[in-house]
Amino acid sequence: MSSPKVIRWGILATGVIAVTFTKDLLVDPTTRGVTSIKHTVVAAASSSSVSRAESFLRRVGAPASARAYDSYQDLIADPDVDIIYIATPHSHHYQNAMHCLEAGKNVLCEKPFTVNAEQARLLVNMAKEKGCFLMEALWTRYFPLAAYVREILSSGRLGTLVRVMTDCNIATNPEKSFKDGKHRMVNSELAGGALLDLGVYSLTWPFLALYDTQPRETRKPPKVLAAMTKYPPTFCADETTTMVLTFPRNESAGGDAHAIATTSIRLETSPASDPNPPASVRIQGTLGEIQLFPCAHNPTHSKLVLWDGTVEEKPWPQPGPGKGSGWFNGFGDSINAEGEGQGMFWEADEAGFALCEGRKEGKYLGLEETVLIMEVMDETRRQGELRYPEKIETTKFPVQL
Ligand SMILES: NC(=O)c1ccc[n+]([C@@H]2O[C@H](COP(=O)([O-])OP(=O)(O)OC[C@H]3O[C@@H](n4cnc5c(N)ncnc54)[C@H](OP(=O)(O)O)[C@@H]3O)[C@@H](O)[C@H]2O)c1
Ligand SMILES: *[C@@H]1O[C@H](CO)[C@@H](O)[C@H](O)[C@H]1NC(C)=O
């Protein structure tokens, strides 16, 4: 067996998700059956200070040789970096990714890809021009669970797909949790609100089920009808947003299919005290449905229920170094059991495979679809009359934010 190809990552920004992602990135890939590649971190950059980048590298367990920078530009200029993971707030993705691509660096950029579709298109063009790999870090698309859902959908076991219902929330008391209005979830300067942060996951499953399953030549963008309620204290981020989507299909394919995609920063799919929480994703066909639990962004349990009485439930554990490893990951304050990963390594593997194979985009969420989903969110914001400050909606580059 040939030795695994090593993918050399640079980490741009050192916030909450950068920590989670990089810890997962450094888990031995053989723990999830991957033997052809390995990941390493060669550098990280913080815009605030070099000591922040240093403590980030220590915290995630990066090799001692990894370099710490106090400027994103220095990271981008590092010749040893194969690919840069961008983990700044959404407002900054366009500027940061454009800097990387302009310098010829491959990019894995956190979701939502950009603030609007036009920014996304320009990044795609720049990646093409420079021959760079570019992918939205929509990690859920790369879960083994998502592969299973795609398999069930294409097997025809659900019959003709008719409707998808998805819900993604963060169940918080925003006036309390984000009191000063500066947090990226409610701050318009950082493209705050439910839609861009969480709604992108509510849109993930309708697209996976009702768009990706149609032949490329005939599939068409969905029509969108949106309702949006703003977060009262700032009135410039959405608190609760609901989208009704119609995916056009011809008569022989079953006619138009529907999706209802909901999101909120205040609500939860059901309260944590609910002993039998409902599914956050339901994909319904004429012969039955598939349900996902507990949440649309990080589902770890599936249930296939068919009208003929079949019920198939499956757990989808997120592997890692395992019990006794003394290793812990999680997101923010919510820490997983010892040795359990957070499921972010699968998207990193996909980026690594693409680099090895010379592919320029992700397999299960291509750039055309990333742009289309940004268009749906643009239209939802247009109907909801939510526009962010010009300096983060702009396609001008470079702009100092
Ligand atoms: N895939 C997932 O599960 C997931 C989960 C959470 C978030 N995300 C996405 O990841 C991105 C970052 O989210 P996060 O929760 O990690 O945010 P965060 O904790 O606020 O971290 C963002 C980091 O970006 C850098 N930054 C640069 N300019 C900034 C500015 N003006 N304001 C604030 N931060 C600035 C800072 O790092 P330096 O000081 O080091 O430069 C900061 O620590 C968002 O786009 C979000 O949608 C994804
Ligand atoms: C209808 O759509 C299906 C799948 O989307 C496609 O395979 C078929 O060719 C289309 N039929 C017509 C008559 O356009």
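Residues numbered from 1 in each chain as written. Chains lettered and ligands numbered in written order. Predicted model: local features only at pLDDT ≥ 70, side-chain atom pairs only at ≥ 80, totals over all residues. Heavy atoms only, no water.

Chemist: Before we go on, may I ask you to explain the site of ligand 1 in this structure?
Modeler: Surveying the vicinity of ligand 1 reveals 26 residues, the closest of which are Thr-14, Ser-47, Ser-48, Tyr-72 and Lys-111. In this structure, an oxygen atom belonging to ligand 1 sits 3.0 Å away from a main-chain N or O atom of Val-16. Within the side chain of Trp-139, one N or O atom sits 3.4 Å away from a nitrogen atom of ligand 1. Within the complex, 82% of the 890 Å² of free accessible area of ligand 1 lies under protein. Breaking the shell around ligand 1 down by element, the ones donating at least two residues are α1 (16-25), α4 (90-102) and α8 (194-211). (Near = heavy atom within 4 Å. Polar contact = N/O pair within 3.5 Å; in protein donor to acceptor, adjacent residues only side chain to side chain. Areas by Shrake-Rupley, 256 points an atom, 1.4 Å probe, with all protein chains shown as cover. Helix = DSSP H or I, 4+ residues; strand = E, 2+ residues; numbered from the N terminus.)

Chemist: I'm lost on the pattern of salt bridges in this one. Help?
Modeler: Pairing between side chains of opposite charge can happen when the charged atoms of each approach one another. Following the criterion strictly, the structure yields 23 salt bridges and no others. For the salt bridge of Arg-8 with Asp-82, the shortest nitrogen-to-oxygen distance reads 2.9 Å. In this pair, Arg-8 is assigned in strand β1 (residues 5-12) and Asp-82 in the loop between α3 (72-77) and β4 (83-86), connecting sequence segments 74 residues apart. Using a relative accessible area of 30% as the deciding quantity, one classes Arg-8 as partly exposed. Through salt bridges with shared partners, a single ionic network connects Arg-8, Arg-67, Asp-78, Asp-80 and Asp-82. (Salt bridge = Lys/Arg side-chain N within 4 Å of Asp/Glu carboxyl O. Buried < 20%, exposed > 50% of the residue type's maximum accessible area, 1.4 Å probe, protein only.)

Chemist: Would you mind going over the packing of aromatic side chains with me for this structure?
Modeler: Aromatic ring pairs are described here by two measures, namely the spacing of the ring centres and the angle between the planes. For the coordinates displayed, the defined rule picks out 9 aromatic pairs. Measuring from centroid to centroid gives 5.7 Å for Trp-9 and Phe-21, while their planes differ by 65 degrees, and the two rings are edge-to-face. Here Phe-21 lies in helix α1 and Trp-9 lies in strand β1, a separation of 12 residues in the sequence. Centre to centre, the rings of Trp-139 and Phe-143 are 5.3 Å apart; their planes meet at 80 degrees, and the pair counts as edge-to-face. No difference in accessibility class separates Trp-139 from Phe-143, as the two residues are buried. Taken together, the ring pairs in this structure connect Trp-139, Phe-143, Phe-345 and Trp-346 into an aromatic cluster. (Phe/Tyr/Trp six-rings, centres within 6.5 Å; stacked < 30°, edge-to-face > 60°.)

Chemist: Honestly, the site of ligand 2 in this entry has me stumped. Any pointers?
Modeler: Around ligand 2 sit Gln-214, Pro-215, Thr-218, Asn-250, Ser-252 and Ala-253, and those are all the residues in its vicinity. Within the side chain of Asn-250, a nitrogen or oxygen atom sits 2.5 Å from an oxygen atom of ligand 2. Relative to its free-state accessible area of 360 Å², ligand 2 is covered by the protein chains to the extent of 44%.

Chemist: What exactly am I supposed to notice about the pairing of strand β14 (residues 311-315) here?
Modeler: Side-chain positions along a regular strand alternate between the two faces of the sheet. In the sheet, strand β13 (residues 301-306) pairs with β14 via 5 bridges, with the strands oriented antiparallel. Across the sheet, Lys-303 pairs through a bridge with Glu-313, a residue of β14. Counted between consecutive antiparallel strands, the loop separating β13 from β14 contains 4 residues, among which Gly-309 sits at a positive phi close to 100 degrees. (Pairing = 2+ DSSP bridges.)

Chemist: Even after reading the chapter, I still don't get unusual backbone geometry, so can you show me in this structure?
Modeler: Peptide bonds are mostly trans, and most non-glycine residues show a negative phi. Cis peptide bonds are those with omega within 30 degrees of zero, and the linkage from Lys-111 to Pro-112 qualifies with -20 degrees. Its location among the elements puts Pro-112 in the loop between β5 (106-110) and α5 (117-130). Phi is positive for Ala-171, which is not a glycine, with a value near 40 degrees. Since its relative accessible area comes to 37%, Ala-171 is described here as partly exposed. Residue Glu-385 is not a glycine yet carries a positive backbone phi of 55 degrees. Residue placement: Glu-385 occurs in the loop between α10 (367-384) and α11 (390-393). With relative accessibility at 68%, the residue Glu-385 sits in the exposed group.

Chemist: Just checking my understanding: could you explain the sheet that holds strand β8 (residues 223-230) for this structure?
Modeler: Paired through backbone hydrogen bonds, the strands of a sheet run either parallel or antiparallel to each other. Here 8 strands make up an open sheet; going across it, the order is β8-β9-β10-β7-β11-β12-β13-β14 and the pairing mixed. Two strands close off the open sheet at either side, each with one partner strand: β8 and β14. The mean inter-strand angle of the sheet, taken between neighbouring strand axes irrespective of direction, is 10 degrees. In this sheet, strand β9 (residues 238-247) lies alongside β8 in antiparallel orientation, the contact comprising 8 bridges. (Axes fitted to C-alpha atoms, helices over the stretch in contact; angles between N-to-C directions.)

Chemist: Please explain helix α9 (residues 345-357) as it appears in this structure.
Modeler: Every α-helix carries 3.6 residues per turn, so stepping three or four residues along brings you back to the same face. In this model, α9 (13 residues) spans 18 Å end to end at C-alpha, consistent with the 18 Å of a helix rising 1.5 Å per residue. Those residues of α9 that sit buried are Phe-345, Trp-346, Glu-347, Ala-348, Asp-349, Glu-350, Ala-351, Gly-352 and Ala-354. (Expected span 1.5 Å × (residues − 1).)

Chemist: Whenever I open this one, the UniProt feature "domain: Gfo/Idh/MocA-like oxidoreductase N-terminal" (unreviewed entry) in the protein chain confuses me. Can you help?
Modeler: UniProt's feature table lists "domain: Gfo/Idh/MocA-like oxidoreductase N-terminal" (unreviewed entry) at residues 38-136, given in the numbering used throughout. Helix makes up 44% of residues 38-136 and strand 23%, with an end-to-end C-alpha separation of 20 Å. (UniProt positions renumbered as here; feature names shortened; annotations may be inferred.)

Chemist: I would appreciate a short explanation of the domain arrangement of the protein chain in the present structure.
Modeler: Put simply, an interface is often sized by how much accessible area is lost when its parts join up. Each assigned domain of the protein chain is listed here: domain 1 (1-142 + 317-364) and domain 2 (144-315). Centre-to-centre, using C-alpha coordinates, domain 1 lies 25 Å away from domain 2. Taken residue by residue, the interface counts 18 residues in domain 1 and 22 residues in domain 2. Surface buried jointly by domain 1 and domain 2 totals about 1,700 Å² across both partners, of which 59% is contributed by carbon and sulfur atoms. Summed over the three residues of domain 1 that lose the most area to domain 2, namely His-90, Thr-140 and Arg-141, the buried surface amounts to 34% of that side. Linking domain 1 to domain 2 there are 2 salt bridges. Among the ionic pairs, Asp-212 bridges to Arg-141, the shortest N-O distance being 3.0 Å. Across the contact surface, domain 1 and domain 2 share 6 residue pairs in polar contact (both at pLDDT 80 or more). For the side of domain 1 that touches domain 2, the leading source of residues is α4, giving 3 residues. Here the side of domain 1 that touches domain 2 is built from residues that sort into 9 nonpolar, 6 polar and 3 charged. (Domains from an automatic or database assignment. Contact = heavy atoms within 4.5 Å. Buried area = accessible area lost by both parts, 1.4 Å probe. Nonpolar A, V, L, I, M, F, W, Y, C, P; charged D, E, K, R; others polar.)

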